[in-house]
Amino acid sequence: QVQLVESGGGLVQAGGSLRLSCAASGSIVGFNTLGWYRQAPGKQRELVAIITNDGTINYKDSVKGRFTISRDNAKNTVDLQMNSLKPEDTAVYYCYARRAFHSYWGQGTQVTVSS
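Rules behind the numbers
- Residues numbered from 1 in each chain as written.
- Predicted model: local features only at pLDDT ≥ 70, side-chain atom pairs only at ≥ 80, totals over all residues.
- Heavy atoms only, no water.
- Helix = DSSP H or I, 4+ residues; strand = E, 2+ residues; numbered from the N terminus.
- Rg over C-alpha atoms; globule rule 2.2 N^0.38 Å.
- Buried < 20%, exposed > 50% of the residue type's maximum accessible area, 1.4 Å probe, protein only.
- Contact = heavy atoms within 4.5 Å.
- Areas by Shrake-Rupley, 256 points an atom, 1.4 Å probe, with all protein chains shown as cover.
- Lys, Arg positive; Asp, Glu negative; His and termini not counted.
- Charge placed at Lys NZ, Arg CZ, Asp CG, Glu CD.
- Disulfide = S-S within 2.5 Å.
- Phe/Tyr/Trp six-rings, centres within 6.5 Å; stacked < 30°, edge-to-face > 60°.
- Lys NZ or Arg CZ within 6 Å of the ring centre and 35° of its normal.
- Salt bridge = Lys/Arg side-chain N within 4 Å of Asp/Glu carboxyl O.

Draft legend 1. Representation of the overall build of the protein chain. Scanning the protein chain from N- to C-terminus turns up 0 helices and 11 strands. The C-alpha atoms of the protein chain give 13 Å as radius of gyration, which agrees with the globular expectation for 115 residues (13 Å, within 12%). Seen through its C-alpha atoms, the protein chain measures out along the principal axes to roughly 40 × 25 × 25 Å. Counting every position in the protein chain, which comprises 115 residues, the buried fraction comes to 42%. Pairs at least 24 apart in sequence give 54% of the contacts found in the protein chain among residues at least 6 apart. When the accessible surface of the protein chain is split by element, carbon and sulfur atoms take 48% of a total near 6,100 Å². Averaging the coordinates of the 12 positive side-chain charges in the protein chain and doing the same for the 8 negative ones gives two points 2 Å apart.

Here it is as structure tokens:
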């Protein structure tokens, strides 16, 4: 069983920054896709950013220029640097990994941005 553990969430004022980190229980080299999703209260879960094993990256339009996703194969981690945070970014953020037929999710970490 693959385990994904997020860290780095918290409370920050609008305009501030947070860095989320997702640590995998094993090597991330074999995962086709790694990424971050988020879910705000009363809303559906939505994709924030994904990165493939060859480095291809895709972002949700509203976070382009503010968020940066990266992966570290040596540390088996995928990070999300979030700058210029807005209250609308408030949500539970989930780490995501996919390999062939299988998808895996972290437990989620709360990000709250105050105005």
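There is more to say after this.
Draft legend 2. Representation of the state of the cysteines within the structure. Using the criterion set out here, one finds 1 disulfide in the structure. Disulfide pairing places Cys22 opposite Cys95 at an S-S distance of 2.1 Å. An S-S torsion of about -85° defines the bridge between Cys22 and Cys95 as left-handed. Placement of Cys22 in strand 3 (residues 18-24) and of Cys95 in strand 9 (residues 91-99) is noted, with a sequence separation of 73 residues between them. Each member of the pair Cys22 and Cys95 is classed as buried.

Draft legend 3. Spotlight on the packing of aromatic side chains. Inspection of the entire model under this criterion finds 4 aromatic pairs. Here the aromatic rings of Tyr96 and Trp105 are separated by 4.9 Å at their centres, their planes lie at 50°, and the arrangement is tilted. Among the residues examined, Trp105 registers a relative accessible area of 38% and is labelled partly exposed. Grouped by ring-pair contacts, the aromatic residues Tyr37, Tyr96 and Trp105 constitute a single cluster. One Lys or Arg, Arg45, reaches over the ring of Trp105 and ends 4.7 Å from the middle of that ring. The ring centre of Phe31 lies 4.7 Å from the NZ or CZ of Arg99, which sits over that ring.

Draft legend 4. Seen up close, the pattern of salt bridges. Throughout the structure, instances matching the rule amount to 6 salt bridges. Between Glu46 and Lys60 there is a salt bridge, with its nearest N and O atoms 3.2 Å apart. Taken together, the residues span a long stretch of sequence, with Glu46 in strand 5 (residues 46-52) and Lys60 in the loop between strand 6 (57-59) and strand 7 (67-72) at a distance of 14 residues. On the basis of relative accessibility, which here comes to 25%, the residue Lys60 falls in the partly exposed class. If you follow the salt bridges from partner to partner, you end up with Arg38, Glu46, Lys60, Arg66 and Asp89 in one network.

Such coordinate-based values are descriptive only and should not be taken to indicate function.
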